[in-house]
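Structural description and commentary
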Amino acid sequence: TEERDGTQEVRSGGEDSIEKIVQHVVVDRLLGKGTETGAPSDERRSLALQITSTLCGASDTKLVISAGLVDTVLCVDVVKSVFMNVLCASGGKGKAKAEVGKEHHLKPLTTQVLDDIITNCCESVDCERRLAFAKAFLNTDGRFDTKTKTYTVASILMLEGGDSDDEKTAAQRASLWGLYVSFLEERIVSAPDLHSSTVYIELLYKLGKRDLAFPSSNQARYVISFFLSGSLFDLSGLSISADNVKKVSKKSKKKKSKVPTPPRVDPDKLKAGLRIKELLSTNEMSSNSAASRAIMTARFYSLLSDYISAKNAHTRGSGVKGGRSQLTYQTLAEVCGTILHLEESGAKPYIGEGVSADATKTSMDLVSKAREIADASSIDGLTGDQKLRAKTDFTSSCASLMMALSLQLMCRRDTGENESDDDDEDNDDEALHDFVSDLFDCIVGLCAVFDGSISSEDDEEKENPLSAISGLIVNILSSPVGGEISGKDQIQASASKLTRETVKLAWSGVLSAMSGICTSASSSNELVNEDFISILIESVCGENIDGGDDEESLDEVDESDDEELGDAFVDASNVGVDLDEVDLSSTNESQESQDEEEENEQEDIDIDQSKLEDMLLEDGDAEMGDDGLLEHHAGADKALAKLIKLKQEARKASRDERERVELANRLRCASLLDALFSASVLKSGWLPTEAVLGSLLPILKARKVLAKSAQVSTDANARKVASEKKALTDRLSSLIKDKLSKYRCTGEDVDLELVLKASSDLYDETMHSLNSAQCS
């Protein structure tokens with residue numbers, strides 16, 4: 001080495017010496033990787049740790065090695081044996097499991113050396129050198145920080161803190177993160193297996209989420225584009241050559257052509273796609289695996305949803321022009337623009353042929369028309385007129401929802417070899433196409449009301465546009481497209497998250513539209529009718545909440561359940577089965593639905609006939625008749641009891657899961673009522689008094705039913721159902737206390753008879769309620 005500026009640097013030609021020291025001394029001798037040495041002792045491991053610390057510049061010598069030498073010093077064998085094995089050790093020497101208060105006795109020294117390496121690395125302004133240290137740890141294990149419970153990689157890559165850094169530090173972080181993204185891209189494409197690919201996809205996703213803390217969020221935008229291009233498109237034909245631009249001959253240049261020249265493709269929108277194509281070509285691959293694409297698709301939807309939320313949070317109160325609806329619309333329009341650029345540049349989406357492709361094209365055309373309406377309304381809204389601004393919010397938010405639904409259609413592609421769920425996917429595709437078509441009709445219908453070209457008074461049979469769009473939003477939140485889903489479909493869960501965010505935005509736009517259309521409660525009577533309120537109340541409280549006394553109906557249900565169970569297993573009792581040993585749970589399904597479930601669940605419950613026969617033959621008192629048939633015995637009774645219990649448990653688990661999904665969807669629809677009965681809407685005056693007062697009693701009854709049925713159980717599925725019931729009960733309680741109870745009937749046109757009737761109903765409900773919480 002030689003001293004320079006107070007530090008020791010490696011002389012020219014010294015790299016070979018360091019490489020030999022690491023390989024022959026540290027790896028082969030001290031760490032026992034050579035053929036002549038055995039397992040490393042703690043003393044040799046400690047010496048290897050000191051040598052590594054010195055070579056990394058974490059000692060008094062202050063040795064500075066180049067970025068190319070970092071991978072040599074911190075090779076996989078060194079990082080794994082010196083750092084990971086010690087930091088991940090859960091107990092003392094030779095301990096397989098953790099003991100309370102004990103750890104590997106080399107852990108304090110290892111932790112100190114690792115902190116010194118991080119400190120020395122972070123003092124450098126060379127981004128490539130810092131990245132080299134991070135790559136050394138990540139090459140050993142992509143989850144190094146998680147497994148060692150440290151912030152090694154996060155500190156080196158400046159992933160911790162830094163929300164208010166100066167310009168110099170911010171520029172260094174941007175440069176470092178750019179190099180880090182390039183490294184992760186290489187690892188994702190060249191990963192040898194799905195596990196490795198998933199680890200690096202998650203690291204890239206976490207980097208994108210971390211970048212959302214900054215207003216620019218440039219890296220997050222690029223990561224979104226990377227996930228979009230790599231997961232949904234075949235990039236083998238992607239290019240930005242001159243072929244994408246219409247050629248004009250020399251003769252035609254002299255004449256002014258009336259046909260406009262197609263615009264050039266934006267290279268920035270193709271940057272991620274071209275990068276993936278380059279990496280695939282380098283690794284001699286045609287595309288990423290279907291499983292990797294599925295994970296990237298899920299992360300695309302999740303990060304896009306988080307990006308929209310973060311963008312709105314950054315601009316809130318900052319004076320930036322454009323509200324939440326406009327910012328969301330612009331973000332989704334940019335994503336749709338990237339998709340269009342990719343398709344025009346030769347990229348082919350993983351889309352099926354036939355009817356699905358035609359339906360997708362029709363839906364995309366409707367999305368384009370909705371964007372045209374939103375763009376025209378946006379221009380009109382610049383005049384400053386309140387009604388036109390409300391129309392702009394409505395059209396842009398609904399167009400955002402349509403774009404989110406169209407993005408879900410992009411994920412209905414070739415994401416794996418399993419074709420068992422093709423029927424379910426076809427049903428979801430059909431629902432998406434219907435949602436897009438119906439939403440476009442709602443936009444046109446409510447815009448016509450805005451413009452005054454039609455009125456609900458003109459045609460009584462014509463559907464109320466407000467009821468139509470409210471019913472459509474409820475259907476979206478209650479379907480797998482935007483609500484809760486059963487199973488572990490990661491793509492659908494992430495896509496639903498984005499859809500729910502845009503649904504909330506669209507509902508806010510609808511309420512804003514009503515404020516612009518209706519200046520008073522009397523002018524809104526034609527739109528805010530009983531049908532509109534019933535749709536929202538039933539989506540949260542259930543359909544039959546107003547029928548009869550709830551406590552008596554619950555008791556009747558319990559009794560009918562017992563009767564149905566008795567009828568179901570009367571034959572088992574007649575043959576002598578001891579049903580006391582079998583856990584028979586109650587069911588809320590009718591006999592007709594049970595018969596249908598039995599047919600559907602035969603495929604789910606597979607009973608091995610050979611095992612069942614073995615159980616029947618286990619008992620020694622079994623005898624064979626003259627005709628070779630097995631005669632009845634106690635073993636058959638036990639086997640029959642087990643079979644009954646198995647089918648009962650499977651049916652109960654299926655019913656609990658359906659009930660949990662239904663409650664989760666009702667809980668999401670509760671946000672619609674929260675927004676409808678918010679202080680701003682009630683203060684605007686367009687919501688009629690009968691709509692507010694008429695909602696109190698159904699919500700109170702629904703709360704009482706939920707509170708009574710939310711019983712604690714030891715069964716896992718039943719606990720999930722009880723948790724959902726408690727959450728919905730708390731939500732309804734908050735709605736009554738914080739929103740509806742603060743409503744004040746003011747004005748000269750208040751119907752006193754309506755107010756007295758509502759008060760009488762509330763009094764009767766209080767007198768019939770035995771629960772103090774319900775009465776309060």
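Check the secondary structure of the protein chain and you find 31 helices and five strands. Looking at the protein chain as a whole, 45% of its 776 residues are labelled buried. Across the protein chain, every contact between residues at least 6 apart in sequence was considered, and the portion connecting residues at least 24 apart equals 75%. A total of about 40700 Å² of accessible surface is found on the protein chain, and carbon and sulfur atoms cover 49% of it.

This part takes up the packing of helix H15 (residues 324-344) against helix H17 (residues 386-410). It is at 9 Å that the axes of H15 and H17 come closest, and there the two elements cross at 35°. Considering how the two elements wind past one another, H15 and H17 form a crossing that is left-handed. Contact residues: H15 offers Ser325, Gln326, Thr328, Tyr329, Leu332, Ala333, Val335, Cys336 and Ile339, while H17 offers Thr392, Asp393, Ser396, Ser397, Ala399, Ser400, Met403, Leu407 and Met410. For the contact of H15 with H17, the class distribution of residues is 10 nonpolar, seven polar and one charged.

So, on to a negative patch on the surface. A cluster of like negative charges, contributed by Glu430, Asp434, Asp438, Asp441, Glu463, Glu530, Asp531, Glu538, Glu543 and Glu662, occupies part of the molecular surface. When contributions to the negative patch are tallied by element, the ones reaching two or more residues are helix H18 (422-451) and helix H21 (530-541). Residue contributions to the negative patch peak at four residues, all from H18. Positionally, Asp531 belongs in helix H21.

Look at Lys149: it is not a glycine, yet its phi comes out positive at around 55°. With respect to the helices and strands, Lys149 occurs in the loop between helix H7 (144-148) and helix H8 (152-156). One non-glycine residue, Met158, adopts positive backbone phi at about 60°. For Met158, a relative accessible area of 10% translates into the label buried.

Further remarks concern H17. An α-helix turns once per 3.6 residues; consequently, residues spaced three or four apart project the same way. The first and last C-alpha atoms of H17 sit 36 Å apart over 25 residues, in line with the 36 Å expected at 1.5 Å per residue. Burial within H17 is extensive, with 20 of its 25 residues counted as buried.

The next thing to look at is the pattern of salt bridges. Evaluation of the coordinates by the stated rule reveals 14 salt bridges. Two residues, Asp730 and Lys726, come together in a salt bridge whose shortest N-O distance is 3.2 Å. Of this pair, Asp730 and Lys726 both sit in helix H29 (residues 716-738), separated by four residues, roughly a single helical turn.

Turning next to the side chain of Asp306. Considering the arrangement of structural elements, one finds Asp306 in helix H14 (residues 290-315). Here the side chain of Asp306 touches Lys497 through a polar contact of 2.9 Å, side chain to side chain.

The tally for this structure, following the rule as stated, stands at seven aromatic pairs. With a centroid separation of 6.3 Å and an interplanar angle of 90°, the aromatic rings of Phe183 and Tyr200 are classed as edge-to-face. Of this pair, Phe183 sits in helix H9 (residues 167-190) while Tyr200 sits in helix H10 (residues 194-211), and the two are 17 residues apart along the sequence. Taken individually, Phe183 and Tyr200 each receive the classification buried, so the pair is uniform in this respect. Following the ring pairs from residue to residue traces out a cluster consisting of Phe83, Phe137 and Phe144. One residue, Arg173, lies across the ring of Trp177, its end atom 5.8 Å from the ring centre. Lying across the ring of Tyr350, Arg293 places its NZ or CZ 4.1 Å from the centre.

All told, the structure shown has zero disulfides when counted by the stated rule. In this model Cys121 remains outside any disulfide bridge; the closest cysteine sulfur is found in Cys122, 5.5 Å from its own. Its relative accessible area of 0% is what places Cys121 among the buried residues.

Analysis parameters
- Residues numbered from 1 in each chain as written.
- Predicted model: local features only at pLDDT ≥ 70, side-chain atom pairs only at ≥ 80, totals over all residues.
- Heavy atoms only, no water.
- Helix = DSSP H or I, 4+ residues; strand = E, 2+ residues; numbered from the N terminus.
- Buried < 20%, exposed > 50% of the residue type's maximum accessible area, 1.4 Å probe, protein only.
- Contact = heavy atoms within 4.5 Å.
- Areas by Shrake-Rupley, 256 points an atom, 1.4 Å probe, with all protein chains shown as cover.
- Axes fitted to C-alpha atoms, helices over the stretch in contact; angles between N-to-C directions.
- Left-handed = near helix turned anticlockwise from the far one by under 90°.
- Nonpolar A, V, L, I, M, F, W, Y, C, P; charged D, E, K, R; others polar.
- Patch = residues over 30% accessible without salt bridge, like charges linked within 9 Å, V, L, I, M, F, W, Y side chains within 5 Å.
- Salt bridge = Lys/Arg side-chain N within 4 Å of Asp/Glu carboxyl O.
- Lys, Arg positive; Asp, Glu negative; His and termini not counted.
- Charge placed at Lys NZ, Arg CZ, Asp CG, Glu CD.
- Expected span 1.5 Å × (residues − 1).
- Polar contact = N/O pair within 3.5 Å; in protein donor to acceptor, adjacent residues only side chain to side chain.
- Phe/Tyr/Trp six-rings, centres within 6.5 Å; stacked < 30°, edge-to-face > 60°.
- Lys NZ or Arg CZ within 6 Å of the ring centre and 35° of its normal.
- Disulfide = S-S within 2.5 Å.

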